[in-house]
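Summary of the model geometry
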Amino acid sequence: MHERSPAATLDQLALPSLTGKVAWVTGASRGIGRVIALALGAAGADVLLSARDGDRLAGVAGELRALGREVELATGSVEDADDVRRAADHAGERWGRVDVLVNNAGICPDFKPAEHVAEHDWSTVLDVNLHGTLRCCQAVLPLMEPVGGSIVNVSSVHGSRTHERLAAYAASKAGVERLTQTLAIEWARRGIRVNAVAPGYVETDLTAGLLSHPHWRERMLARTPLGRFATATEIALPVVFLASGASSYVTGTTLQVDGGWTAQ
């Protein structure tokens, strides 16, 4: 049952074309965000990378430049309105527009019963995961509205299906999905599509602590009918689809990429 993940790499896949497009990816320094940025670059997009870790961003930028892409960096946090504004301004100064925004930045610092979640921790998770998504959407609007475009918000399986010890994270991701639907309605007339992807469990830095714990690892696998965790590439490919013209009549949807995750 616990088969290995598909071994295909980005250069072996036929990707929808994003040639001539400009994409902004938040949380792009590692994990899913890094692979999303590389997938968008492999599809032909030039990319603005933003995250808090400038050194790691520089490494991702080098990988994209090796693909022949133009790349700009904006170090900062989606928690900080000034950092978000500077990132958007950077894209505006360099390219004059943004065609694709991928709101990937997110945190899940605690795995605690709800009664033990501190108010500060609750507020921080919602500020990064939910308010940070809105900040970036608001900042990109003036750069996207003249050309139209696509926003892809990264939610989670826990945006719609719960699990114990994830109160703040689940609340934030449920909010991301409702925000996605609202913006899709409000911004459709501006030529902007807004969708989300909801990954199941992916073996990245964010999940390493949880998925290395024998008890919780088996619990998560038991609830995943495909019997394995995803690769970051398997999350990035639906993002490229939603970012591209291949999904030109899709908006307001959340695409579940979760291995068939079951409620119990």
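Every value quoted in this text rests on a predicted model; they were computed, and no experiment measured them. (Residues numbered from 1 in each chain as written. Predicted model: local features only at pLDDT ≥ 70, side-chain atom pairs only at ≥ 80, totals over all residues. Heavy atoms only, no water.)

**So, the overall build of the chain**
Rules: Helix and strand definitions follow DSSP, with helices as H or I runs of at least four residues and strands as E runs of at least two, each counted in order from the N terminus. C-alpha atoms define the radius of gyration in this analysis, and the globule rule sets the expected value at 2.2 Å times the number of residues to the power 0.38. The buried label goes to any residue with under 20% of its type's maximum accessible area, the exposed label to any with over 50%, and the partly exposed label to all in between, with areas taken from a 1.4 Å probe on protein chains only. Whether two residues touch is decided by their heavy atoms; if any such pair falls within 4.5 Å, the residues are in contact. Calculation of accessible area relied on Shrake-Rupley with a 1.4 Å probe; when residues are assessed, cover is drawn exclusively from the protein chains displayed. Working convention for charge: Lys and Arg count positive, Asp and Glu count negative, and His plus the chain ends are omitted. All charge positions are set by atom: Lys at NZ, Arg at CZ, Asp at CG, Glu at CD.
Counting secondary structure elements, the chain contains eight helices and seven strands. Taking 2.2 N^0.38 as the reference for a compact globule, 264 residues should give roughly 18 Å; the C-alpha atoms of the chain span a radius of gyration of 17 Å, in line with that estimate. Relative to its full complement of 264 residues, the chain shows a buried share of 50%. Long-range pairs, those at least 24 residues apart, make up 74% of the contacts in the chain between residues at least 6 apart in sequence. Surface accessibility of the chain: about 11,700 Å² in total, with carbon and sulfur atoms responsible for 52%. The positive charge centre, built from 25 side chains, and the negative charge centre, built from 29, are 4 Å apart in the chain.

**Quick look at the packing of aromatic side chains**
Put simply, the test is: Planes of paired rings set the category: under 30 degrees apart is stacked, over 60 is edge-to-face and the rest tilted, where pairs are Phe, Tyr or Trp rings (Trp by its six-membered ring) whose centres lie within 6.5 Å.
Tallied over the full model, the rule gives two aromatic pairs. Grouped by ring-pair contacts, the aromatic residues Tyr-201, Phe-229 and Trp-261 constitute a single cluster.

**Quick word on the environment of Thr-251**
Put simply, the rule reads: Two N or O atoms count as a polar contact when they lie within 3.5 Å, although within protein this holds only if one can serve as hydrogen donor and the other as acceptor, and sequence-adjacent residues are included solely when both atoms are side-chain atoms.
For Thr-251, the location among the structural elements is in the loop between helix H8 (232-243) and strand S7 (254-257). Judged by its relative accessible area of 37%, Thr-251 falls in the partly exposed class. In sequence terms Thr-251 and Ser-150 are 101 residues apart; their C-alpha atoms lie 8.8 Å from each other. The contacts of Thr-251, once residues within four sequence positions are left out, are Ala-184, Ile-192, Arg-193, Val-194 and Asn-195. Within the structure, the side chain of Thr-251 is placed 3.0 Å from the backbone nitrogen of Val-194, a separation counted as a polar contact.

**Points about the pairing of strand S1 (residues 22-26)**
Heads up, the condition is: Only strands joined by at least two bridges in the DSSP assignment are considered to pair.
In terms of residue burial, S1 counts as a mostly covered element, since five of its five residues are buried. Covered by surrounding structure in S1 are Val-22, Trp-24 and Thr-26 together with Ala-23 and Val-25, the residues of both alternating faces. As paired strands, S1 and strand S2 (residues 46-51) are joined by five bridges and run parallel to one another. Its bridge partner being in S2, Val-22 is matched across the sheet by Asp-46. Sheet topology note: the S1/strand S4 (residues 100-103) ladder contains three bridges and is parallel. Directly across from Trp-24, in S4, lies its bridge partner Leu-101.

**Notes on the confidence of the model for the chain**
Convention followed: You can read pLDDT as the predictor saying how much it trusts each residue, on a scale of 0 to 100.
Summary statistics for the chain give a mean pLDDT of 92 and a share of 93% for residues scoring 70 or more. The weakest mean pLDDT in the chain belongs to helix H6 (residues 208-211) at 70; the strongest belongs to S1 at 99.

**Let's talk about the pattern of salt bridges**
Proximity of charged atoms lets side chains of opposite charge pair with each other. Heads up, the rule is: Here a salt bridge means any side-chain nitrogen of Lys or Arg lying within 4 Å of a carboxyl oxygen belonging to Asp or Glu.
All told, the structure shown has 16 salt bridges when counted by the stated rule. Between Glu-70 and Arg-94 there is a salt bridge, with its nearest N and O atoms 2.6 Å apart. Remark: Arg-94 occurs in helix H3 (residues 81-95) and Glu-70 occurs in the loop between helix H2 (54-66) and strand S3 (71-75); sequence separation between them is 24 residues. On the basis of relative accessible area, Glu-70 is assigned to the partly exposed category, the value being 37%. Here Arg-94 falls in the partly exposed class, since its relative accessible area comes to 35%. Of the charged contacts, one joins Asp-82 and Arg-85 as a salt bridge, the two residues approaching to 2.7 Å between their closest N and O atoms. In this pair, Asp-82 and Arg-85 both sit in helix H3, three residues apart, roughly one turn of the helix. Among the charged side chains, a salt-bridge network with shared partners connects Arg-30, Asp-53 and Arg-56.

**A look at unusual backbone geometry**
Residues other than glycine seldom take positive phi values, yet Arg-165 does so here, at roughly 70°. As for its placement among the helices and strands, Arg-165 is situated in the loop between strand S5 (149-154) and helix H5 (167-187).

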